[in-house]
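# Survey of secondary and tertiary structure
One-letter residues, chain by chain:
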Amino acid sequence: MTPQEVADLLRRTVQAESGRTVVVLSDPSIQSTATVCVQDPATPMYTLRYAPALESELPYLVAFECMMLLRTVRADAGFRFDVVSTAKMVREVHLLVAEHLRKTHPGIADSLVTKAAGQLGNGLGVQLRSMPIAIRVDDFLRREYPMLHESCRRNSHSRCRIQHSTWT
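Residues numbered from 1 in each chain as written. Predicted model: local features only at pLDDT ≥ 70, side-chain atom pairs only at ≥ 80, totals over all residues. Heavy atoms only, no water.

### Things to note about the nonpolar core
Residues Leu10, Val14, Tyr46, Phe64, Val137, Leu141 and Leu148 are the most contacted members of the largest nonpolar core, which totals 31 residues. Contributions of two or more residues to this core are made by α1 (3–18), β2 (34–38), β3 (45–50), α2 (58–74) and α4 (110–144). With 12 residues, the single largest contributor to this core is α2. By size, the runner-up hydrophobic cluster in this structure holds six residues, among which are Val93, Val97, Leu101 and Ala117. (Core = buried A, V, L, I, M, F, W, Y, C linked by side-chain atoms within 4.5 Å. Buried < 20%, exposed > 50% of the residue type's maximum accessible area, 1.4 Å probe, protein only. Helix = DSSP H or I, 4+ residues; strand = E, 2+ residues; numbered from the N terminus.)

### Focus: helix α3 (residues 87–104)
Here α3 is 18 residues long and its end C-alpha atoms lie 26 Å apart, about the 26 Å a rise of 1.5 Å per residue gives. Buried residues of α3: Val93, Val97, Ala98 and Leu101, and no others. In a view along the axis of α3, the buried residues occupy a sector of 135°, so they form one face of it. Exposed residues pointing more than 90 degrees away from the buried face of α3 are listed as Lys88, Arg91, Leu95, Leu96 and Lys103. (Expected span 1.5 Å × (residues − 1). Arc of directions from axis to C-beta.)

### Some points on the side chain of His149
Checked against the element boundaries, His149 lands in helix α5 (residues 146–155). Looking at His149, its side chain comes within polar contact range of the side chain of Asp138, at 3.3 Å. (Polar contact = N/O pair within 3.5 Å; in protein donor to acceptor, adjacent residues only side chain to side chain.)

### A look at a nonpolar patch on the surface
Among the surface-exposed residues, Leu120, Leu124 and Leu128 lie close enough to one another that they form a single nonpolar patch of about 310 Å² accessible area. Its location among the elements puts Leu124 in helix α4. We classify Leu124 as partly exposed; its relative accessible area is 46%. (Patch = residues over 30% accessible without salt bridge, like charges linked within 9 Å, V, L, I, M, F, W, Y side chains within 5 Å. Areas by Shrake-Rupley, 256 points an atom, 1.4 Å probe, with all protein chains shown as cover. Salt bridge = Lys/Arg side-chain N within 4 Å of Asp/Glu carboxyl O.)

### What about the packing of aromatic side chains?
The tally for this structure, following the rule as stated, stands at two aromatic pairs. Aromatic side chains Phe140 and Tyr145 sit 6.3 Å apart centroid to centroid with 75° between the ring planes, which places their arrangement in the edge-to-face category. Of the residues examined, Phe140 reaches a relative accessible area of 27% and is grouped as partly exposed. Judged by relative accessible area, which is 15%, Tyr145 ranks as buried. (Phe/Tyr/Trp six-rings, centres within 6.5 Å; stacked < 30°, edge-to-face > 60°.)

### Some details on the pattern of salt bridges
Counted under the stated rule, the structure contains six salt bridges. Between Lys103 and Glu99 there is a salt bridge, with its nearest N and O atoms 3.5 Å apart. A residue pair is termed a helical-turn pair when its members lie 3 or 4 positions apart in one helix, as Lys103 and Glu99 do in helix α3 at four residues. In this structure, Asp139 engages Arg142 in a salt bridge whose closest nitrogen and oxygen atoms are separated by 2.5 Å. Residue Asp139 and its partner Arg142 are located together in helix α4, separated by three residues, close to a single helical turn. Its relative accessible area of 26% is what places Arg142 among the partly exposed residues. Here the residues in one salt-bridge network are Asp139, Arg142 and Arg143, joined through shared partners.

### Regarding the sheet that holds β2
A sheet is described by the order of its strands in space; here three strands give the open sequence β1-β3-β2, paired in mixed fashion. Only two strands of the sheet have a single neighbouring strand rather than two, namely β1 (21–26) and β2. Ignoring strand direction, the axes of neighbouring strands in this sheet form an average angle of 20°. Bridge analysis of β1 against β3 gives six bridges, and the strand direction is parallel. Among the inter-strand pairings, Val24 is bridged to a residue of β3, identified as Leu48. In the packing of α1 onto the sheet, contacts are made with β1 and β3, and the angle to β1 comes to roughly 135°. Contacting β1, β2 and β3, α2 runs over the sheet at an angle of about 145° to β3. (Pairing = 2+ DSSP bridges. Axes fitted to C-alpha atoms, helices over the stretch in contact; angles between N-to-C directions. Contact = heavy atoms within 4.5 Å.)

So far we have only geometry, and geometry alone does not tell us how the molecule works.
Quick look at the structure:
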């Protein structure tokens, strides 16, 4: 199987199990390698956006994001959740960060406190939810579809290089 065939297989699997189409779009504004936007339940599609500079890695990126989607789709409804900032979390993190920064950096601008609080609150939530799952998904892809990682090695994709360093 080629890397593109693996990506197509996993994309069709997501579509069959979720009832939603996976639309893949190049997006120069994306801040990471790739991401999937999970719309509300009434939306008939998932939007997978990827950085245009990583076009050569698209089969791996599609496969990876589809596996992330499948983990969510296959989970019991009671265990599905999104890590999204709530108004309460934003207020609490802002208060804690503001208190700390005002002690350690008197006179710091409120805009910097707000920015730091947002980055901390959102960043930790995403990291705690995503990193352990991403490691498992990457390991699954490496074991089940080694041709994806071989393609990454040839093209020196940064996500794969990080994972390769832990394989030995």
